[in-house]
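# Working through the structure, step by step
So you can see what is in the structure, the chains are spelled out below.
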Amino acid sequence: MQELIDKYTAEVDAFSPANAEELEAFRIKFLGTKGLIKDLFEQFKSTTPEEKRTLGKVLNQFKQLTEAKHQELKEQFDSQLTTSTNQQDLTLPGEGFAVGSRHPLSLVRNEIIDIFKRLGFVVAEGPEIENDWHNFSALNFPEEHPARDMQDTFFITKDGGQDSIALRTHTSSVQVRMMENGKPPFRAIMPGRVYRNEAISARAHCFFHQVEGLYVDENVSFADLKQTLFHFVQELYGEGTKVRFRPSYFPFTEPSAEMDISCTICKGAGCNMCKHSGWVEILGCGMVDPNVLENCGIDSKKYTGFAFGMGIERITNLKYVIRDLRLFSENDVRFLKQFKTEIV
Ligand code: PHE
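Residues numbered from 1 in each chain as written. Predicted model: local features only at pLDDT ≥ 70, side-chain atom pairs only at ≥ 80, totals over all residues. Heavy atoms only, no water.

### Quick look at the overall build of the protein chain
Here is the rule we go by: The helix and strand labels rest on DSSP assignments: H or I over at least four residues marks a helix, E over at least two residues marks a strand, and numbering proceeds from the N terminus. We take the radius of gyration over the C-alpha atoms and set the globule estimate at 2.2 Å times the residue count to the 0.38 power. When accessible area is computed with a 1.4 Å probe and restricted to protein chains, residues below 20% of their type maximum are described as buried, those above 50% as exposed, and intermediate ones as partly exposed. Every residue pair with non-hydrogen atoms within 4.5 Å of one another is taken to be in contact. Residue burial considers only the protein chains on display, and all accessible areas are found by Shrake-Rupley using a 1.4 Å probe.
Of the regular secondary structure elements, the protein chain holds 11 helices and 10 strands. Relative to its length of 344 residues, the protein chain is extended, with a C-alpha radius of gyration of 42 Å against a globular reference of 20 Å. The C-alpha extent of the protein chain, read off along each of the three principal axes, is 130 × 50 × 40 Å. Taking all 344 residues of the protein chain together, the buried fraction comes to 42%. The contacts in the protein chain between residues at least 6 apart in sequence include a share of 66% that link residues at least 24 apart. As displayed, the protein chain offers around 19,600 Å² of accessible surface, 50% of which is attributable to carbon and sulfur atoms.

See below:
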């Protein structure tokens, strides 16, 4: 039996399988339930007690040796298997994180704010749910005056006169709040969302965004208004963008104007965006009506001011050539991800 064990030991020592199948055959041959080691233990039972003393140890050592050899080779084959199926190509580019992007309206609003901040304007905000006083009456819209029909209003409660509640139709309501609660001079821009009862289409929506501007001090003139807005347009759309003012009407400004800029798409040559006129309207403006100043407790003999209001959607459409307002609120990622910018 000793000879047999010596022979097997040599065989185990020399064993060097080429693949996992050969290793498995080795295991069955030596360690299997009908394997050689089992046989040896069977034979061991019928040896004399003396032989048992020496052979027992040898046999156990042989068994351990065989098991260790098998274990070691198995681990080798297992690790080869995982590395070959999991082969990684380290030259592939990494997977980037999906970083969000700013909404185009936020981008443009921030740009507008930046430009006016550099001129010393501060940012102010007011509520979207407003009473009649702030949205209409204080702004010189007399009750039942047809001018109120210029803006189709979503009323929440309607029979309270100046206390009626509505979704604000313009950010001009913030002008009133600002002047009521402070002392001149005022130099502020007021961005915010506004609501009008309009059927939703490519050109109109029931809500949109405005930026209001207000400058009240002694000796503020229409020339200041023109120069401020001219500067704004050069900053936003580039040097050389032309502006023109057309007389207009708003109850809260006198005189009032609408400002056009030379079409940023066709540079004035005529295209779909400017309806082939070369000009596009971007805002309403004017000198704050003395009635409005008085309504807000400001001495209209001492102070004058200008105000303007622009739609952020309109400004954005011109900047990015977007022709359908609905895109701004549909949250379609294919649209939104085109405005990749560094988020800071
Ligand atoms: N509030 C006006 C509008 O919504 C815009 C405007 C603001 C006009 C300030 C003049 C002065 O159309």
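### Overview of the environment of lysine 319
Examined against the element boundaries, lysine 319 turns out to sit in helix α10 (residues 312–320). Residue classification places lysine 319 among the partly exposed positions, given a relative accessible area of 29%. Ignoring sequence-local partners within four residues, the contact set of lysine 319 consists of Val108, Glu111, Leu236 and Tyr237.

### A look at the sheet that holds strand β3 (residues 155–157)
In plain terms, the rule: Two strands form a pair only when DSSP identifies at least two bridges running between them. Note on method: axes are straight lines fitted to C-alpha atoms, helices fitted across the in-contact stretch only, with angles between N-to-C directions ranging 0 to 180 degrees.
Ordered in space as β2-β4-β3, the three strands form an open sheet in which the pairing is antiparallel. The strands lining the two open edges of the sheet, one partner per strand, are β2 (129–131) and β3. Neighbour-to-neighbour, the strand axes of the sheet open up by a mean angle of 35°, direction not taken into account.

### Observations concerning the site of the ligand
What counts, and what does not: Near residues are defined by distance, with any heavy atom within 4 Å of the molecule or strand qualifying the residue. Whenever two N or O atoms come within 3.5 Å, that pair is a polar contact, provided that in protein one can donate a hydrogen and the other can accept it, and provided that, for residues adjacent in sequence, both atoms are side-chain atoms. Each residue is assigned to one of three groups, with Ala, Val, Leu, Ile, Met, Phe, Trp, Tyr, Cys and Pro labelled nonpolar, Asp, Glu, Lys and Arg labelled charged, and all others, Gly among them, labelled polar.
Residues in close proximity to the ligand total 15 residues, the closest being His170, Ser172, Arg196, Gln210 and Glu212. Note that a nitrogen atom of the ligand is positioned 2.9 Å from one of the side-chain N or O atoms of serine 172. Note that an oxygen atom of the ligand is positioned 2.9 Å from one of the side-chain N or O atoms of arginine 196. Coverage of the ligand by the protein amounts to 92% of the 330 Å² it exposes when considered alone. Within the residue set of the shell around the ligand, elements represented by two or more residues are α7 (172–181), β6 (207–217), β9 (279–288) and β10 (304–311). Per-element accounting of the shell around the ligand gives the leading share, three residues, to β10. Here the shell around the ligand is built from residues that sort into five nonpolar, eight polar and two charged.

### Some remarks on the pattern of salt bridges
The line we're drawing: In what follows, salt bridge is the name for a side-chain nitrogen of Lys or Arg lying within 4 Å of a carboxyl oxygen of Asp or Glu.
Under the counting rule described, the total for this entry stands at 14 salt bridges. Where glutamate 67 meets lysine 63, a salt bridge forms, and the shortest distance between an N and an O atom there is 4.0 Å. Here glutamate 67 and its partner lysine 63 are both found in helix α4 (residues 49–85), four residues apart, which amounts to about one turn of the helix. Residue classification places lysine 63 among the partly exposed positions, given a relative accessible area of 31%.

Such coordinate-based values are descriptive only and should not be taken to indicate function.
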